[in-house]
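Structural features, examined
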Amino acid sequence: MAGDPRATPRFDLPEPDAATRPYWDAAATGTLLIRRCGACGAAHHYPREFCPRCWSDDVTWERASGLATLYTWSVVHRNDLPPFGDRVPYTAAVVDLAEGPRMMTEVVGCEEGALRIGMPLEVTFREAAEGVAVAVFRPAAD
């Protein structure tokens, strides 16, 4: 219930603003977006209004392929922030998107013992709340 001071706070929901709204709207439809710089050509994630490489504001949205490789991970066994405590254990990860940027995320659908640096992953989306989806990654289909 919005505005209810007794409601349990959620620490997994984004706070979209004008700069990130297209990203979250696309995620809600199952599409992963990244930003690409028109000046230097670099892709970046998380969404920003400028290029973190050359500082140009000539950046546009681009649909990402959804493919990535696992860079590193950590299995979280305890998290007291709602609603993460209900999900433990979960795999927090950093992935290298096929387009170049690194992204913090979660790996789903894979046992801890099967995780390997460089393993191919593909994006999927977890509904966090009505109309809000978060990009997570699972092992890529063969």
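Above this text sits the structure in question.
Predicted model, so just to flag it, every value in this text is computed and none were measured.

Here the focus is the side chain of N79. Here N79 lies in the loop between β4 (67-76) and β5 (90-97). A relative accessible area of 18% means that N79 is categorised as buried. Polar side-chain contacts of N79 include one of 2.9 Å to the backbone nitrogen of L81. In contact with N79, other than residues within four places in its own chain, are F84, G85, V88 and Y90.

Of note, the amide linkage connecting H45 to Y46 takes the cis form, showing an omega dihedral of 20°. Secondary-structure assignment places Y46 in the loop between β2 (43-44) and β3 (59-63). At the junction of V88 and P89, the peptide bond is cis and its omega measures out at -5° in the coordinates.

Formed by 21 residues in total, the largest nonpolar core has its most connected members in L32, L70, V95, L97, M103 and F137. The biggest single contributor to this core is β5, with three residues. Once residues within four sequence positions are removed from consideration, M103 is found in contact with Y23, L32, H45, A93, V94, V95, L97, A135 and F137.

Attention now moves to a negative patch on the surface. Taken together, the side chains of D17, E49, D57 and D58 present a region of like negative charge at the surface. Topologically, D58 is positioned in the loop between β2 and β3.

So, how was this worked out
Residues numbered from 1 in each chain as written. Predicted model: local features only at pLDDT ≥ 70, side-chain atom pairs only at ≥ 80, totals over all residues. Heavy atoms only, no water. Helix = DSSP H or I, 4+ residues; strand = E, 2+ residues; numbered from the N terminus. Buried < 20%, exposed > 50% of the residue type's maximum accessible area, 1.4 Å probe, protein only. Polar contact = N/O pair within 3.5 Å; in protein donor to acceptor, adjacent residues only side chain to side chain. Contact = heavy atoms within 4.5 Å. Core = buried A, V, L, I, M, F, W, Y, C linked by side-chain atoms within 4.5 Å. Patch = residues over 30% accessible without salt bridge, like charges linked within 9 Å, V, L, I, M, F, W, Y side chains within 5 Å. Areas by Shrake-Rupley, 256 points an atom, 1.4 Å probe, with all protein chains shown as cover. Salt bridge = Lys/Arg side-chain N within 4 Å of Asp/Glu carboxyl O. Lys, Arg positive; Asp, Glu negative; His and termini not counted. Charge placed at Lys NZ, Arg CZ, Asp CG, Glu CD.

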